[in-house]
Amino acid sequence: MVIDAVMTVAAAATHEVVAEVVADVTEGSAALRSIRQALTSGPGALLVGAPPSVGRLVVALRARGVDLPEPVCVRCGRRNLGLITSPEGGVCNRCRRRQLASECASCGLVKVIYGRDPSGGALCSVCAPRPRRTCSVCGRVRKIAQRAHGEHGDLCDVCFKGPVATCRICNRERPCHFVSDGRPICVSCSPRRSALCAHCGELRPPAVRWPEGPVCEPCYRSALNRRGTCATCGKQRRLVDPPGPAARRCTDCSGLADLLSCRACGAEERPYRHGLCVRCSLELAARELVIDIDGPLAPIYWAIVSNPQPFSACNWLRQSSAAKILGEIAAGSLPLTHEALDAHPQRVGANLARHMLVANGVLANRDDALAQLEAWVSARLDEVTSPEHRHVLRSYATWRVLRRTRERAAASHRPTTPTAHAKQCLLAAIALCGFLDAQGVSLSECRQGDIDRWFDQGLPSADRVSDFLDWVKERKLTADLVVVPSLQRAGATMDEDTRWALAHRLLHDDTLEVGDRVAGCLVLLYGQQVSRIAILTRDQVHITDEHVLLKIGAISIDIPEPLASLLVSLIENKRPYNGVASPPDSPWLFPGLAAGRPVNASNLGARLRRIGVRTLPGRRSAMNHLAGQLPAAFLADLLGLCPTTAVRWVRGTGADWSTYAAELVKAPIANHAE
């Protein structure tokens, strides 16, 4: 029958060739039955090339020279495919599935059928449940995005990454779809169909499809984070019934399937990474960073996992250069020493890592400002070209500048030693020696005229050279030279009405942050520098049943209301954010984001400027007011000023002791020295 049908269509073919080809193609009875069944209605199936068994027969006959049409899909025109019989003719499998497309029982769109629901309804590729198997990468049982082929195993939808190409919309190198078709498009730029959200009713792209219907991304996140007291069991659980914001019952009481929960601790929280909640993800990332949680970096591990803001801590571990440096220390590629951190090319990240190590007791504490000053001095002296002047300047830096700074650091209780004055003195000395080199004058030949000519250049820190000239004069290296000090220019001050209006706002505006209100009041009312406010400690505040005392200088100040309440609130209610790996109990009144360190003075000043407090004019105005009311000695003890500075402020206001004595007679101050 088959041979006769072929001979009918291809009359020029010989019977022997056709019989030989049919025998080769129909070795199995199943193939013969399939071809015979296709030819029962006539030999037209040979012209169509469908079904696949007939197509294979046609291909074999054409290879032996029989004149038959080549099997081609009538819809897409592709060749060498097993065609399927359709009313339109022979079509490939993909085109046949598109011919049979119907309305999806879940989303309602007419799409290619990929599966069936329990009731037999058609489901599209998006709504049809994908098989769940063990992923070859992460080892978890998840929905498979790419089936195993060759040496590659199954990949879940998290581990699967598409081919990287340049997206034709955003022009970025990212994993894209349709790369083989020459029209790559990344996931972010891919168009998404919208549907009515079953929770909010808005037309949005669905993030998930739950039994109640499609759910958009905002409602999906809200549902996973919706917690409260279950109306049935009375426990604090995730509320899921009824779906949406009106949910009042948990999964156990409503009989619904449990939504996504942490696979490690079982917490009913939105998964953050690989099925883990944010807290478990933080512990896993910290363990990967530290490697050995019982090793020398164990305090760092526990400080990270106990961070009150796990989302910020996870972002820090993923992005911060300090985290990478801690990883190098944990891996043993970077020694755990201050010297190794000083030599690291990423200076900012190394300093942050140093603060964490010191704050948690892993690394010994040191004065960073003093260490940086020593490195800075060495670098500046190496730039001096004259051997004679370099020798003198090195002696001056060692026995005058650095020695004085070290003594100040040993006697000071500040976290960092001020080094600006030391740098200005050394820079002025280097500039003077450079001027003398240009004039061809040695230091021993320097005279007053040379100093006067150098001063005519108008350098900002020229008067700082007096310290260097005093030092070389003591060692009889130069003659007695005189430096005329520059005139002290009074800076801009704030209008009194403006200052009191700002103080009133800081005291009574509850919309501002408490820390900013307290810092601004200390500037506007007590004339404190921002650099001194930033390093205030909790021990400087003494709270009793009747008084709140703040010790800035030698005398504790009795803080009046309402500033006293703000100060108490600042101590009792810690800042809402803190640095990663910071100790739980910070000694600072204004802790910073660096672990174990106070807030940076420049950052604090910027925060005050954002709320309208200009620190320098405000402080000058407050100091002028206080200097007009108090004598210099009491002002120095009260605000912790140098006596010379206090005298200069009092003289600038034109006040004297008589005004203060008269005030004492009218309203004596009892026990002001306590």
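**Considering the overall build of the protein chain**
Line of reasoning, step 1. Across its full length, the protein chain holds 28 helices and 21 strands.
Line of reasoning, step 2. For 674 residues, the compact-globule formula gives about 26 Å, and the C-alpha radius of gyration of the protein chain, at 41 Å, lies well above that figure.
Line of reasoning, step 3. Seen through its C-alpha atoms, the protein chain measures out along the principal axes to roughly 130 × 75 × 50 Å.
Line of reasoning, step 4. In the protein chain, buried positions account for 41% of the 674 residues.
Line of reasoning, step 5. Once local pairs closer than 6 in sequence are excluded, the contacts in the protein chain between residues at least 24 apart make up 42%.

**A look at the pairing of strand β8 (residues 141-146)**
Line of reasoning, step 1. Across three bridges, the pairing between strand β7 (residues 132-134) and β8 is antiparallel. Looking at the pairing, threonine 134 lines up with valine 141 of β8.
Line of reasoning, step 2. Across two bridges, the pairing between β8 and strand β9 (residues 155-156) is antiparallel. Looking at the pairing, isoleucine 144 lines up with cysteine 156 of β9.

**A closer look at the state of the cysteines**
Line of reasoning, step 1. Taken as a whole and assessed by the stated rule, the structure comprises zero disulfides.
Line of reasoning, step 2. Cysteine 216 takes part in no disulfide bond, and the closest cysteine sulfur, belonging to cysteine 219, lies 3.5 Å away.

**Observations concerning the pattern of salt bridges**
Line of reasoning, step 1. Inspection of the entire model under this criterion finds 27 salt bridges.
Line of reasoning, step 2. Across the salt bridge formed by aspartate 252 and arginine 237, the nearest N and O atoms sit 3.0 Å from each other. Pair noted here: aspartate 252 is in helix α8 (residues 251-254) and arginine 237 is in strand β18 (residues 236-238), with a separation of 15 residues, a long-range link.
Line of reasoning, step 3. The class for aspartate 252 is exposed, based on a relative accessible area of 59%.
Line of reasoning, step 4. Note that arginine 366 is salt-bridged to aspartate 368, the shortest N-O span being 3.1 Å.
Line of reasoning, step 5. Aspartate 368 sits in the buried class, given a relative accessible area of 10%.

**Comments concerning unusual backbone geometry**
Line of reasoning, step 1. With omega at -5°, the peptide bond leading from aspartate 241 into proline 242 counts as cis.
Line of reasoning, step 2. When you line up the elements, proline 242 lands in the loop between β18 and α8.
Line of reasoning, step 3. For the peptide bond that leads from glutamate 561 to proline 562, omega is 0°, which places it in the cis range.
Line of reasoning, step 4. Here proline 562 is to be found in the loop between β21 (556-558) and α23 (563-572).
Line of reasoning, step 5. One non-glycine residue with positive phi stands out, namely phenylalanine 178, at about 55°.
Line of reasoning, step 6. Note that phenylalanine 178 resides in the loop between β11 (173-177) and β12 (185-186).

**Describing the sheet that holds strand β10 (residues 164-166)**
Line of reasoning, step 1. The strand order across the open sheet built from three strands is β10-β11-β12, with neighbouring strands paired in antiparallel fashion. Every interior strand has two partners, whereas the edge strands, β10 and β12, have only one.
Line of reasoning, step 2. Here two bridges tie β11 to β12, and the two strands are oriented antiparallel to one another. If you follow cysteine 176 over to β12, its bridge partner there is cysteine 186.

**Observations concerning helix α1 (residues 2-9)**
Line of reasoning, step 1. When α1 is considered as a whole, its buried residues turn out to be Val2, Ala5 and Val6. Axial view of α1: buried residues confined to an arc of 100°, hence all on one face. What points out from α1, more than 90 degrees from its buried face, is the exposed set Asp4 and Thr8.
Line of reasoning, step 2. Its buried side turned inward, α1 meets α2 (15-25), α3 (29-38), α4 (44-48) and α5 (52-63).

**Looking at the nonpolar core**
The tendency in soluble globular proteins is for nonpolar side chains to be buried side by side.
Line of reasoning, step 1. The biggest cluster of nonpolar side chains holds 51 residues, and the ones touching the most others in it are Ile533, Ile559, Leu589, Phe590, Leu635 and Leu639.
Line of reasoning, step 2. Among all residues touching leucine 589, those that are not within four sequence positions of it are Leu536, Thr537, Arg538, Val541, Leu567, Leu570 and Ile571.

**Focus: the packing of helix α16 (residues 387-411) against helix α19 (residues 465-474)**
Line of reasoning, step 1. The contact between α16 and α19 brings their axes to 11 Å, and the two run at 110°. Put simply, α16 runs roughly perpendicular to α19. Judged by the sense of rotation from one axis to the other, the crossing of α16 with α19 is right-handed. Packed against α16, whose contacting residues are Val392, Leu393, Ser395, Tyr396, Arg400 and Arg404, the element α19 presents Asp467, Phe468, Asp470, Trp471, Val472 and Glu474 at the interface.
Line of reasoning, step 2. Looking at side-chain class alone, the contact of α16 with α19 contains six nonpolar, one polar and five charged residues.

Calculation rules
Residues numbered from 1 in each chain as written. Predicted model: local features only at pLDDT ≥ 70, side-chain atom pairs only at ≥ 80, totals over all residues. Heavy atoms only, no water. Helix = DSSP H or I, 4+ residues; strand = E, 2+ residues; numbered from the N terminus. Rg over C-alpha atoms; globule rule 2.2 N^0.38 Å. Buried < 20%, exposed > 50% of the residue type's maximum accessible area, 1.4 Å probe, protein only. Contact = heavy atoms within 4.5 Å. Pairing = 2+ DSSP bridges. Disulfide = S-S within 2.5 Å. Salt bridge = Lys/Arg side-chain N within 4 Å of Asp/Glu carboxyl O. Arc of directions from axis to C-beta. Core = buried A, V, L, I, M, F, W, Y, C linked by side-chain atoms within 4.5 Å. Axes fitted to C-alpha atoms, helices over the stretch in contact; angles between N-to-C directions. Parallel < 35°, antiparallel > 145°, perpendicular 65-115°, else oblique. Left-handed = near helix turned anticlockwise from the far one by under 90°. Nonpolar A, V, L, I, M, F, W, Y, C, P; charged D, E, K, R; others polar.

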